[in-house]
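One letter stands for each residue in the lines below.
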Amino acid sequence: MVHLTRKLLSGIMLAAMLGVAAVSTQANAATLHMAWSQDATGLDPHKQTAFSSLRLLELIYEPLVRVDASLQIIPAIATSWEFSKDGKELTFKLDPKAKFQDGTAVTPADVKASFERILDEKTGAAARANFLSIASIDTPDAATVVFHLSQPDVPILTAMSDVNAAIVPASEIKAGSIGTKAVGSGPFKLDKWDPNAKEVLSANKDWAGGATGVDGIEISVLPDEAAILAAMRTKQIDFALLNDPLVATLVPKEASLQLNRVPVLAYHVLQLNPSRKPMTELKVRQAISCAIDRQEVLDTASLGEGKVTGPLTIPALATDPSQLFCYKRDVEKAKKLMSEAGYADGFSATVIGATGEPPTAAAEAQVIQSQLAEIGVKLDIKMMELNVYVDAWLKGDFDMAIALNGGRADPYTMYNRYWTKSGNLQKVANYIDDTLDSQMQKGRAETDPAARKAIFAEFEKHLAEISPWIWLYTSYSYTAQQKNIAGFVPTPTGTLFSLSKVTIQQ
Amino acid sequence: MNYLMRRLATFPLVLLGVSILVFVAIRMVPGDSITAMLGTEAGLLTPAQRDSLAAYFGIDQPWFVQYWRWIGGILHGNLGISVTYGRPVLDVILERFPLTLELAILSMIIALAVGMPAGIFAATHNEKLSDLGVRIVAMIGQSTPSFVLGLLIIYTLSAGFGVLPAMGEFAPLWQDPLRNLSQLILPAITLGFAFAASVTRISRSAMLDVLSDDYVRTARSKGASARSVIWRHALPNALIPVVTLSGIEFGYLLGGAVIVEQIYALPGLGRMVLDAIQQRDYALVQGSVLFIAFNFMIVNLLVDLAYVALDPRIRLGEQ
């Protein structure tokens, strides 16, 4: 028996080692092997909002326009665009070379059908709220699309750069196959999708943007980021997306690997609920703002990987956060504000957070808990599964919430959901005043960039002063790559679109 | 035979109970398929948009209607359609199950092959230094979480030796046995380590019990060799608790080893269920929990039958 066992075990070990040796030498120069820890959740570009879904769909589908690394609008399916003088008409000229992956040309009719699909309530498109100013769409000739708007709407162009506004074939909409079959006009075709395991993409030879740098991309879902790093060490993976700063900071220690990091538009924030006592009191909210050391939260929870921010995270519009209300910690002032509000002895509240989303959520809550304890605020931390958290968050059912909220390339699109009177997420923000609402409406209609910047600077200053939320910091988006991968351009939106031009050096 | 029939007859009842439990439990958790897909962006939907998505996900009907439809489908052999995979639930489960089964078998082989000899060795060297050594290793094995061991193995192999089995693309056994084994051996060791530790401890104590029994003393006094006393007389009786433990552990493993599957990126049942819960893929969660419960019942039945084989004195089903 013992003898047999020994034989069996050594057999297994030998086979395993042979296997390890056999598989560690795989190499296919023309295919980019990529990994991420969270997979896409679906293929309908108009319905998907998960980070990984958007990153995958951006490689398959194209919107009318894109934003580049400096967030400037650049051509995609449309080669040019123009607002009419009154700002109520937006005209696009389409690229005559643009083709869907089934070989048919992208026509104005496809553009019209795509936007009608987004606007149709039956679709359930999350981005619909950004396009409500579209009154009608005209297709005067084979290369032109005209959007007639009910009111001047400058941010709509930025909203159109999102893959949630991707152009899909009218024929596929009619067939009802959007979401089950991916037919876009982007640089890659989806050959295979095994949810939560693998995606196989191959180059779209007909792409109007020219030849891609690799023949294909194979994306593996490796749920543990430490395992992704291990797979990169052994050269199984060429390129990876990382979320956890603790793993990302280990990448530069590997000689063959390179870490790309870029500040993103998303922001870490402590959301107060100004509809609940005592956060109804301006002075209490301000006291919380003064008692929090944002840099310490960043340093402790995220190893200093990021930058303290005010409400505006868009580089071209952001102001110096040190000039904002109480961005330098002042515990004495905080205590004074608390006693003026009648809470000299402090109060108790609960803060909610989602487990692992972001990975730093629990640590942020703990640092804030200890900082607020100094002014007598006793915080009870409640970490929840992401979906449970989202449910509570959407209902506004919390005293305070640790959140990582997504950013947009335009401040109106980014914040109109919270800080306008008709915002869809007013019940989450639970605070609005006339100043905020009028600043947002002015910013929406203003076409002069300098004047817009001034409007939104005032908006930011006011928001920091009334402190419905305590903006903390923006972090980085991380990608790790082997050093022989060339041409990847990280951007603040987190898009992986530049993988279309990436090459693998021998 | 009678016993077997009676046990099998209880299966549908137990499964009905499980079906109600899982159906209600997954719906009691806040959040639904819509928030799972859209996250916080779900707040931008109008009521009409929400209704239309609810109809798409099949969650627009009252609970009892949804349950009735689901149970009706099961009676016709249809576990429903997974919204994540866009395919029948049973297809998705059967695609994942072979890996889970293989992993469970491999880790059980490792556990028994290491644990039983170690336990018997410790029992026959009771209170000696070598016994202490085995017990300490077993204690470490039982108290090391699988994620610590798994990450330690991955880190040591990749950072120290620059090798690692291919991760991400899993090769089924019948397509590429060598590659398959290379991908499964480390997870099986990770799982088998703690399993082996339990087997060691239980076989040691069972063996010690049996070795002090009268019949063993009798065998010894009749001049049976030490080897024969242990392997022929004592071991079969000491096996019963080991079979019980292994059966329960094996049943658990058939439900998928979530953490190990996460770390090694294995497309097994455990990870599938976890993802399905996170994505609120109700049909898939319900279907796979039923499937896992069914497996558990089969394993339990087999364990009971194994008792009879090991000890003819046991008569199943008799009062």
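Residues numbered from 1 in each chain as written. Chains lettered and ligands numbered in written order. Predicted model: local features only at pLDDT ≥ 70, side-chain atom pairs only at ≥ 80, totals over all residues. Heavy atoms only, no water.

Chain B is annotated in an unreviewed UniProt entry as Glutathione ABC transporter permease GsiC from Mesorhizobium kowhaii. Looking at the Sequence similarities (unreviewed entry) heading of the UniProt record, one finds this comment for chain B: "Belongs to the binding-protein-dependent transport system permease family." The UniProt entry for chain B carries the following comment under Subcellular location (unreviewed entry): "Cell membrane". (UniProt positions renumbered as here; feature names shortened; annotations may be inferred.)

Chain A has the name ABC transporter substrate-binding protein in an unreviewed UniProt entry, where Mesorhizobium kowhaii is given as its organism.

A. Inspection of the overall build of chain B at higher detail. Per the secondary structure count, chain B includes 13 helices and 2 strands. Seen through its principal axes, chain B has C-alpha atoms that stretch 85 × 60 × 35 Å. The buried share among the 319 residues of chain B stands at 50%. At a minimum sequence separation of 6, the contacts of chain B that also span at least 24 residues come to 73%. In the form shown here, chain B has an accessible surface area of approximately 15,100 Å², with 67% of it arising from carbon and sulfur atoms. (Helix = DSSP H or I, 4+ residues; strand = E, 2+ residues; numbered from the N terminus. Buried < 20%, exposed > 50% of the residue type's maximum accessible area, 1.4 Å probe, protein only. Contact = heavy atoms within 4.5 Å. Areas by Shrake-Rupley, 256 points an atom, 1.4 Å probe, with all protein chains shown as cover.)

B. Region of interest: unusual backbone geometry. All names here are of chain A. Here the residue pair Lys277 and Pro278 is connected by a cis peptide bond, since its omega of -5° sits within 30 degrees of zero. Looking at the secondary structure, you find Pro278 in the loop between β13 (267–272) and α8 (282–291). For the bond running from Glu357 to Pro358, omega is 0°, close enough to zero to count as cis. Along the chain, Pro358 falls in the loop between β15 (347–354) and α11 (361–373).

C. Just the pattern of salt bridges, in detail. As enumerated under the stated definition, the model contains 28 salt bridges over all chains in all. The salt bridge partner of B:Glu41 is A:Arg408, with a shortest N-O separation of 3.3 Å. Of the two residues, B:Glu41 is situated in the loop between α2 (33–38) and α3 (47–57) and A:Arg408 in the loop between β17 (400–405) and α13 (411–419); the pairing between them involves two chains. Side by side, B:Glu41 and A:Arg408 carry an identical accessibility label, which is buried. We note a salt bridge from B:Arg204 to B:Asp131, for which the minimum N-O separation is 2.8 Å. Here B:Arg204, found in helix α8 (residues 177–211), pairs with B:Asp131, found in helix α6 (residues 129–143); they are 73 residues apart in sequence, far enough to count as distant. Per residue, the accessibility class of B:Arg204 equals that of B:Asp131, and both read buried. (Salt bridge = Lys/Arg side-chain N within 4 Å of Asp/Glu carboxyl O.)

D. Structural detail: the UniProt feature "domain: ABC transmembrane type-1" (unreviewed entry) in chain B. Feature annotation in UniProt places "domain: ABC transmembrane type-1" (unreviewed entry) on residues 97–303 of chain B, given in this structure's numbering. Taken end to end, residues 97–303 of chain B is 82% helix and 0% strand, and its first and last C-alpha atoms sit 21 Å apart.

E. Highlighting the confidence of the model for chain B. Looking at chain B as a whole, the pLDDT averages 88, with 98% of positions reaching at least 70. Scored as a complex, the prediction yields pTM 0.85 and ipTM 0.83. (pLDDT = per-residue confidence, 0-100.)

F. Looking closely at a nonpolar patch on the surface. All names here are of chain B. Taken together, the side chains of Leu129, Leu132, Ile136, Val137, Ile140 and Phe193 define a hydrophobic patch exposed on the protein surface, amounting to about 570 Å² of accessible area. In terms of residue count, α6 provides more of the nonpolar patch than any other element does, 5 residues in total. Residue placement: Val137 occurs in helix α6. (Patch = residues over 30% accessible without salt bridge, like charges linked within 9 Å, V, L, I, M, F, W, Y side chains within 5 Å.)

G. Structural context of the UniProt feature "domain: Solute-binding protein family" (unreviewed entry) in chain A. Mapped onto the present numbering, the UniProt feature "domain: Solute-binding protein family" (unreviewed entry) falls on residues 72–424 of chain A. Taken end to end, residues 72–424 of chain A has its terminal C-alpha atoms 27 Å apart, with 27% of it in helix and 25% in strand.

H. Highlighting the domain arrangement of chain B. Residues and elements named next belong to chain B. According to the domain assignment, chain B consists of domain 1 (2–75) and domain 2 (92–310). Relative placement of domain 1 and domain 2: their C-alpha centres are 33 Å apart. Contact with domain 1, which involves 22 residues of that partner, is made by 18 residues of domain 2. Of the roughly 1,800 Å² buried at the junction of domain 1 and domain 2 (both faces included), carbon and sulfur atoms supply 76%. At the boundary of domain 1 with domain 2, the tally comes to 1 salt bridge. There are 5 residue pairs in polar contact (both at pLDDT 80 or more) connecting domain 1 and domain 2. A total of 13 residues in the side of domain 1 that touches domain 2 trace back to one element, the largest contributor, which is helix α1 (residues 2–28). Residues of the side of domain 1 that touches domain 2, tallied by class, amount to 16 nonpolar, 3 polar and 3 charged. (Domains from an automatic or database assignment. Buried area = accessible area lost by both parts, 1.4 Å probe. Polar contact = N/O pair within 3.5 Å; in protein donor to acceptor, adjacent residues only side chain to side chain. Nonpolar A, V, L, I, M, F, W, Y, C, P; charged D, E, K, R; others polar.)

I. The environment of A:Ile470, seen in detail. Residue and element names in this part refer to chain A. You can see Ile470 is positioned in strand β18 (residues 469–474). Note on Ile470: relative accessible area 0%, which makes it buried. Sequence separation between Ile470 and Thr309 is 161 residues, and the spatial gap between their C-alpha atoms is 9.9 Å. Once residues lying within four places of it in the same chain are set aside, the contact partners of Ile470 are Val269, Leu270, Leu272, Arg285, Ile288, Ser289, Ile292 and Arg294.

J. Here's a closer look at the interface of chain B and chain A. The interface is formed by 57 residues belonging to chain B together with 56 residues belonging to chain A. Summing both sides of the interface, chain B and chain A together bury roughly 4,900 Å²; the carbon and sulfur share of this comes to 64%. At the boundary of chain B with chain A, the tally comes to 3 salt bridges. For A:Arg417, the salt bridge goes to B:Glu41, with nearest N and O atoms at 2.7 Å. Counting only elements with at least two residues in the side of chain B that touches chain A, the list comes to α2, α3, α5 (89–124), α7 (146–161), α8, α11 (258–263) and α12 (269–278) of chain B. Looking at the side of chain B that touches chain A residue by residue, the class counts come to 32 nonpolar, 16 polar and 9 charged.

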